[in-house]
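The chain contents come next:
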Amino acid sequence: ACAALSGSAGQYFEAALNLATCGAGGSVLTGINCFRLGCKVDSLLVHKLMEAVESAVSLSVAADAIIMAGNAMGYKQLNGTDALLRWCSLGSSCVCLPLVGLDIANHAIFRAGQKRLHLVQHVQHT
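Residues numbered from 1 in each chain as written. Predicted model: local features only at pLDDT ≥ 70, side-chain atom pairs only at ≥ 80, totals over all residues. Heavy atoms only, no water.

**Considering the side chain of Ser55**
Put simply, the test is: To qualify as a helix, a DSSP run of H or I must reach at least 4 residues; to qualify as a strand, a run of E must reach at least 2; elements of each kind are numbered from the N terminus. Exposure classes here rest on a 1.4 Å probe applied to the protein chains alone. A residue is buried below 20% of its type maximum, exposed above 50%, and partly exposed in between. The contact rule is simple, with two residues in contact once any of their heavy atoms fall within 4.5 Å.
Residue placement: Ser55 occurs in helix α4 (residues 42–68). Residue Ser55 is classed as buried on the basis of its relative accessible area of 4%. When sequence neighbours within four positions are dropped, the list of residues in contact with Ser55 reads Ser92, Ser93, Cys96 and Leu97.

Written as structure tokens, this is what we have:
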């Protein structure tokens, strides 16, 4: 809402979107714009890192549930929907974590390229 106080119609729209979606709309809008431009802003990288933390926790919980099911005293065998959901959770974590690693590596390469380009431009102007 504070962004709306400073000016343009785009900022009003983003502030209204954030208010209507409890803050999620602005992140989604930024993500769409970054996808269109082929870049990522630092706030989206932080969001991806938090997603990776959640995914790692989810991976450990799902793996533990699958291993313990039917093998330890007091844990019944996973059947049907329970088994499907645990395996889907495990699979989505196994997909998410490497993609976050790729995003971090690409971000580091992009930043290094920007610094190198800045140094080259500085040398050329001197």
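**Topic: the pattern of salt bridges**
The cut-off we apply is this: Any Lys or Arg side-chain nitrogen located within 4 Å of an Asp or Glu carboxyl oxygen qualifies as a salt bridge.
Overall, the coordinates contain one salt bridge when judged by the stated rule. The partner of Lys48 in a salt bridge is Asp103, with the nearest N and O atoms 3.2 Å apart. Here Asp103 lies in helix α5 (residues 80–125) and Lys48 lies in helix α4, a separation of 55 residues in the sequence.

**Digging into the environment of Asn18**
Of note, Asn18 is situated in helix α2 (residues 9–20). Relative accessible area serves as the criterion here: at 25%, Asn18 is assigned to the partly exposed category. Each C-alpha atom of the pair Asn18 and Val28 lies 9.9 Å from the other, and the pair is 10 residues apart in sequence. Not counting the four nearest positions on each side in its chain, Asn18 is found in contact with Gly23, Ala24, Gly25 and Gly26.

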